[in-house]
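Letter by letter, the chains look like this.
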Amino acid sequence: MPKNCPNCHVKLESHDHYFCSSCSAKLPPDLISPDSTSVRVKVFQPGLKQPRTLPKIPVFGKIAVQCLGVISLAALIYLVVTEYLMPNTERILFGS
Ligand SMILES: [Zn+2]
């Protein structure tokens with residue numbers, strides 16, 4: 001027998017145990033699902049420290065950082081070579 005939410009009149013599904021998943025209204029006792037006794041509860045014990053984990057950097061972020069590093073290194077090498085090692089290259093090549 002299909003049951004409807006008394007608040008929004010949407011048909012209640014098998015996962016609607018205590019609340020309506022459409023309007024989140026609390027269901028009256030006669031509409032509470034009979035198999036609602038299988039509620040899983042997660043228990044946290046105080047005092048037990050969870051292992052600390054570093055925030056994960058997405059793969060895209062890692063690749064972006066690596067590309068930025070390679071580009072920065074290439075720019076630094078270019079500047080060193082052109083400004084300090086071959087200061088007269090442009091004058092020799094293009095003559096000015
Ligand atoms: Zn509802």
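Calculation notes
Residues numbered from 1 in each chain as written. Predicted model: local features only at pLDDT ≥ 70, side-chain atom pairs only at ≥ 80, totals over all residues. Helix = DSSP H or I, 4+ residues; strand = E, 2+ residues; numbered from the N terminus. Contact = placed C-beta atoms within 7 Å. Expected span 1.5 Å × (residues − 1). Buried ≥ 20, exposed ≤ 12 C-beta atoms within 10 Å, placed from the backbone.

### A word on the overall build of the chain
Thought 1: A count of helical and extended segments in the chain gives 2 helices and 0 strands.
Thought 2: Here the contacts in the chain between residues at least 6 apart in sequence split such that 3% fall between residues at least 24 apart.

### Some points on helix α1 (residues 59-85)
Thought 1: With 27 residues, α1 should cover 39 Å at 1.5 Å per step; its first-to-last C-alpha distance of 38 Å lies within 8% of that length.
Thought 2: Within α1, only 0 of the 27 residues are buried, which leaves the element largely exposed.

### Focus on the environment of C23
Thought 1: Tracing the chain through its elements places C23 in the segment before α1.
Thought 2: Residues C23 and V10, spaced 13 residues apart in sequence, show a C-alpha to C-alpha distance of 8.7 Å.
Thought 3: Once you skip the residues sitting within four places of it in the chain, C23 turns out to touch C5, N7 and C8.

### Some thoughts on unusual backbone geometry
Thought 1: Even without glycine at this site, H9 takes up a positive phi of about 65 degrees.
Thought 2: Relative to the helices and strands, H9 resides in the segment before α1.
Thought 3: Not every positive phi belongs to a glycine, and S24 is a case in point at roughly 60 degrees.
Thought 4: You can see S24 is positioned in the segment before α1.

Note that every value here comes from positions in space, so none of it alone points to a role or purpose.
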